[in-house]
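Structure at a glance
Chain by chain, the residues:
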Amino acid sequence: LFSSGGLGDDGYNDMIWRGLQNFTLSHPDVWLQCFSPATAEEGTRLMNSWIERHKGETLLCVLAGSEYEQQAATLYGLRPADSTATWRPDFLLFESDNPERLPLTSFSMSLYGAAWLCGRSVKEMQLTRPLCLLAHSHDQPTQTAAQGFFDGYGATPDTACMAADGSRHAIPETAYQRTAD
């Protein structure tokens, strides 16, 4: 179950979708059904209906967004104190820190961690002049991502900002020009 409106922008959910498609090609014995709801409420209805139709079967419900963690826990009585459930699907939450310690498996990578992996990947490619292109350098998320990249790369490569502040950072022409330079 993808996050609401999550598919189609060539972002994180689209990468998950491509990975799932590749997985099913190499594992034709595994049945996969995906949902891409328009809203979180629709996602909750789809999840509820899907689980009810397959009750008793071995299921793994992958929820690609923290917006569903409470719905999953509430709908199926999965609160930590509730140990009376005789059957329940397994859940895997993507991008959830699972703050209430629900009995759901979660996977989340911090901004710093993702940027660190990018920096390490660039280092492994042995590029001669890597450029770290930032929207701007004045907000904490950008600084965190930049530091993660630098740490993963093991040095501070050439760095440029597309704007002086956050008011005009969506300037793709500038980004293309800087990468061409």
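Residues numbered from 1 in each chain as written. Predicted model: local features only at pLDDT ≥ 70, side-chain atom pairs only at ≥ 80, totals over all residues. Heavy atoms only, no water.

Before going further, it helps to examine helix 1 (residues 12–26). Its 15 residues give helix 1 an end-to-end C-alpha distance of 22 Å, which sits within 8% of 21 Å, the value for a rise of 1.5 Å per residue. Check the buried side of helix 1 and you find it contacts strand 1 (60–64) and strand 2 (90–94). (Helix = DSSP H or I, 4+ residues; strand = E, 2+ residues; numbered from the N terminus. Expected span 1.5 Å × (residues − 1). Contact = heavy atoms within 4.5 Å.)

One pass over the full model with this rule turns up two aromatic pairs. Centre to centre, the rings of phenylalanine 2 and tryptophan 17 are 6.2 Å apart; their planes meet at 75°, and the pair counts as edge-to-face. One end of the pair, phenylalanine 2, is in the segment before helix 1; the other, tryptophan 17, is in helix 1, and 15 residues separate them in sequence. Here tryptophan 17 falls in the partly exposed class, since its relative accessible area comes to 30%. Relative to tyrosine 153, the ring of phenylalanine 149 lies with its centre 6.2 Å away and its plane at 15°, an arrangement referred to as stacked. (Phe/Tyr/Trp six-rings, centres within 6.5 Å; stacked < 30°, edge-to-face > 60°. Buried < 20%, exposed > 50% of the residue type's maximum accessible area, 1.4 Å probe, protein only.)

Before going further, it helps to examine the environment of leucine 134. Within the secondary structure, leucine 134 is located in strand 4 (residues 131–134). Considering only alpha carbons, one finds leucine 134 and alanine 160, 26 residues apart in sequence, at a separation of 6.1 Å.

All right, on to the confidence of the model for the protein then. Considering every residue of the protein, the mean pLDDT works out to 77; 78% of them sit at 70 or more. Ranking the elements of the protein by mean pLDDT puts helix 6 (residues 172–180) last with 60 and helix 5 (residues 140–153) first with 89. Across residues 79–83, where pLDDT falls below 50, the model places eleven contacts with residues more than four positions away in sequence or in other chains. (pLDDT = per-residue confidence, 0-100.)

By the element assignment, tryptophan 31 lies in the loop between helix 1 and helix 2 (40–53). Distance in space between the C-alpha atoms of tryptophan 31 and leucine 59 is 9.9 Å, their sequence separation being 28 residues. If we skip the residues at most four places from it in the chain, tryptophan 31 touches Trp50 and His54.

Let us now look at the pairing of strand 2. Where strand 1 lies against strand 2, five bridges are found, and the strand directions are parallel. The residue of strand 2 that forms the bridge with leucine 63 is leucine 93. Where strand 2 and strand 3 (residues 105–107) come together, three bridges link them in parallel fashion. If you follow phenylalanine 94 over to strand 3, its bridge partner there is phenylalanine 107. (Pairing = 2+ DSSP bridges.)

Moving on, we get to a nonpolar patch on the surface. Residues Tyr12, Met15, Phe107, Met109 and Leu117 make up a contiguous nonpolar surface patch of about 450 Å² in total accessible area. As for its position among the elements, phenylalanine 107 is in strand 3. With a relative accessible area of 38%, phenylalanine 107 lands in the partly exposed category. (Patch = residues over 30% accessible without salt bridge, like charges linked within 9 Å, V, L, I, M, F, W, Y side chains within 5 Å. Areas by Shrake-Rupley, 256 points an atom, 1.4 Å probe, with all protein chains shown as cover. Salt bridge = Lys/Arg side-chain N within 4 Å of Asp/Glu carboxyl O.)

Moving on, we come to the sheet that holds strand 2. The strand order across the open sheet formed by three strands is 1-2-3, and the pairing between neighbours is parallel. Two strands bound the open sheet, and with one partner strand each, they are strand 1 and strand 3. Sheet twist, expressed as the mean angle between neighbouring strand axes with direction ignored, is 20°. Strand contacts of helix 2: strand 1 and strand 2, with the helix running at about 170° to strand 1, the strand carrying the most contacts. (Axes fitted to C-alpha atoms, helices over the stretch in contact; angles between N-to-C directions.)

The next thing to look at is the nonpolar core. The biggest cluster of nonpolar side chains holds twelve residues, and these are Leu1, Phe35, Met47, Trp50, Ile51, Leu59, Cys61, Leu63, Tyr68, Ala72, Phe91 and Leu93. Contributions of two or more residues to this core are made by helix 2, strand 1 and strand 2. Tallying contributions element by element places helix 2 first for this core, with three residues. Formed by eight residues, the second largest nonpolar core is a distinct cluster that contains Ala115, Cys132, Ala146 and Tyr153. (Core = buried A, V, L, I, M, F, W, Y, C linked by side-chain atoms within 4.5 Å.)

The next thing to look at is the packing of helix 4 (residues 111–125) against helix 5. Interhelical geometry of helix 4 versus helix 5 gives an angle of 35° and a closest axis separation of 6 Å. Of the two elements, helix 4 crosses helix 5, and the hand of that crossing is right-handed. Here helix 4 contributes Leu111, Tyr112, Ala115, Trp116, Cys118, Gly119, Arg120, Val122 and Lys123 to the contact with helix 5, which in turn contributes Pro141, Thr144, Ala145, Gln147, Gly148, Phe149, Asp151, Gly152 and Tyr153. Residue composition of the contact of helix 4 with helix 5, by class: ten nonpolar, five polar and three charged. (Left-handed = near helix turned anticlockwise from the far one by under 90°. Nonpolar A, V, L, I, M, F, W, Y, C, P; charged D, E, K, R; others polar.)

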